[in-house]
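Observations on the model geometry
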Amino acid sequence: MNIPRLVVAAPSSGAGKTTIATGLIAALAARGLAVSPHKVGPDYIDPGYHGLAAGRPGRNLDAFMCGPERIAPLFLHGAAGADVAVVEGVMGLFDGASGRGELASTAHVSKLLRAPVVLVVDASSQSRSVAALVHGFASWDPEVRLAGVILNRVASDRHERLLREALEEGSGVPVLGSVRRSAAVATPSRHLGLIPAVERSAEALRAVADMGELVAASVDLDEVLALARTAPPLTAEPWDPAREVTPLAAGAVRPRIAVAGGAAFSFSYAENTELLTAAGAEVVPFDPLHADALPEGTAGLVIGGGFPELYVRELSANGQLRAAIAAFAAAGGPVSAECAGLLYLGRELDGLPMCGVLDTSARMTERLTLGYREAVALHDSVLAPTGARLRGHEFHRTVCEPGAGERPAWGWRLPDGPRSEGFAGAPGAANIHASYLHLHWAGYPQLAAAFTAAAAAHRAG
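Residues numbered from 1 in each chain as written. Predicted model: local features only at pLDDT ≥ 70, side-chain atom pairs only at ≥ 80, totals over all residues. Heavy atoms only, no water.

Before going further, it helps to examine the environment of Gly405. In this fold, Gly405 is placed in the loop between strand E17 (389-401) and strand E18 (410-414). The class for Gly405 is partly exposed, based on a relative accessible area of 23%. As a C-alpha pair, Gly405 and Gly425 span 20 residues in sequence and 7.9 Å in three-dimensional space. Setting aside chain neighbours within four positions, we find Gly405 in contact with Gly422 and Phe423. (Helix = DSSP H or I, 4+ residues; strand = E, 2+ residues; numbered from the N terminus. Buried < 20%, exposed > 50% of the residue type's maximum accessible area, 1.4 Å probe, protein only. Contact = heavy atoms within 4.5 Å.)

At a minimum axis distance of 8 Å, the contact between helix H1 (residues 17-30) and helix H2 (residues 45-54) shows a crossing angle of 20°. What the angle tells us is that H1 and H2 run roughly parallel. With respect to the hand of their crossing, H1 and H2 are arranged in right-handed fashion. For the pair H1 and H2, contact is made by Thr18, Ala21, Thr22, Ile25, Ala26 and Ala29 and by Asp46, Tyr49, His50, Ala53 and Ala54, respectively. Grouping the amino acids of the contact of H1 with H2 by side-chain chemistry returns seven nonpolar, three polar and one charged. (Axes fitted to C-alpha atoms, helices over the stretch in contact; angles between N-to-C directions. Parallel < 35°, antiparallel > 145°, perpendicular 65-115°, else oblique. Left-handed = near helix turned anticlockwise from the far one by under 90°. Nonpolar A, V, L, I, M, F, W, Y, C, P; charged D, E, K, R; others polar.)

Once that is clear, we can look at the sheet that holds strand E12 (residues 298-303). As summarised here, the arrangement of the five strands in space is E11-E10-E12-E13-E20, forming an open sheet in which the pairing is parallel. Two strands in the sheet have a free side with no partner beyond their single neighbour: strand E11 (282-286) and strand E20 (432-435). Here the average twist between neighbouring strands, direction ignored, is 15°. Of the pairings in the sheet, the one linking strand E10 (residues 256-260) to E11 comprises five bridges and is parallel in character. (Pairing = 2+ DSSP bridges.)

This is the structure:
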């Protein structure tokens, strides 16, 4: 299968990859093309902007959490029916999982996708040196095809001329565009990075449109498309959630699984709910900021990541829903909660009452906890049996006290020693799985099957 594609990379974080990638997606979509947006790594926020620009879900390609062997299949699944795909990289081009070489780096994913790479260079503080930088990146790994450069934050026509002359003389990599400095397309940030698109609504739409207009005026889109079409066919089979899980037995009633969403719980991977559906569940989204009850007939509850700390007053004020969730959990209803979901299930967050399902309290701190984790399940739960090994990531500035229950969900090792983390229910009531660890279920489809089976059993009971 051949889908025209390219990877947007940079020498380091902060060069403007998200602005350029989102702008490319928007500009190509404005031409009437079906554009498939993708993001290397675990980040949830950039795909939200990609999705706004493309009009279809932004999808992650994480070789650490899902395995290198799944990257091309997941790409083909997400890009089905697209005219072109744009893949935004993570960090610097060659930066991967710490201490693991190229694993999960943008370069690694570009090789797995056999995709040409466009390097976004922040040119704001250099002129001729840009040629040395691009030459170094182009020659570092001969398996990575660095096929074009987009100059970003260019100050003037003269600055652009100096940059182009240097690159023509010393790099051999064509310049696809030159983007001027622009405050109009800046996306505001806070403690965990960019503000998610779902929170900014009309502002986010305007920002995405501005990015598209800026890129359309500054980048040769015909050259970009020609470059994307040089990507050779991929021989992998598209990932199919129906092939990944064993569905419920024929004749079984589909359990209704409520999935939290909205501004406070905006972090999710599209494949997670696709797997739940393939396993036999009826997935029903709801917004804890506005719903006063769980969806009727809820047999399972999934509360993913997000920013509950920014909506703590609204979440706390919604006492009806908090009581409904506590009652559902107390009745044995299966609950899976990640990060924001963990905070919501606790006694309180920053001093305000939450659902009270877990005997822990959370508060904001100045310390960022960030990184991939190799975890082992320490107790049976509705997600995984004792001893199951999975890969995930942490990303938060909150802390829970205590950080683990008497039945911790996971154990992993950090440089300063082993750690037990999360909550796998109480003795004799392992219906709750709550943890800071974010998981991409495409890497472990048995999670969706196990949770759906637990929801079906609860419904039948």
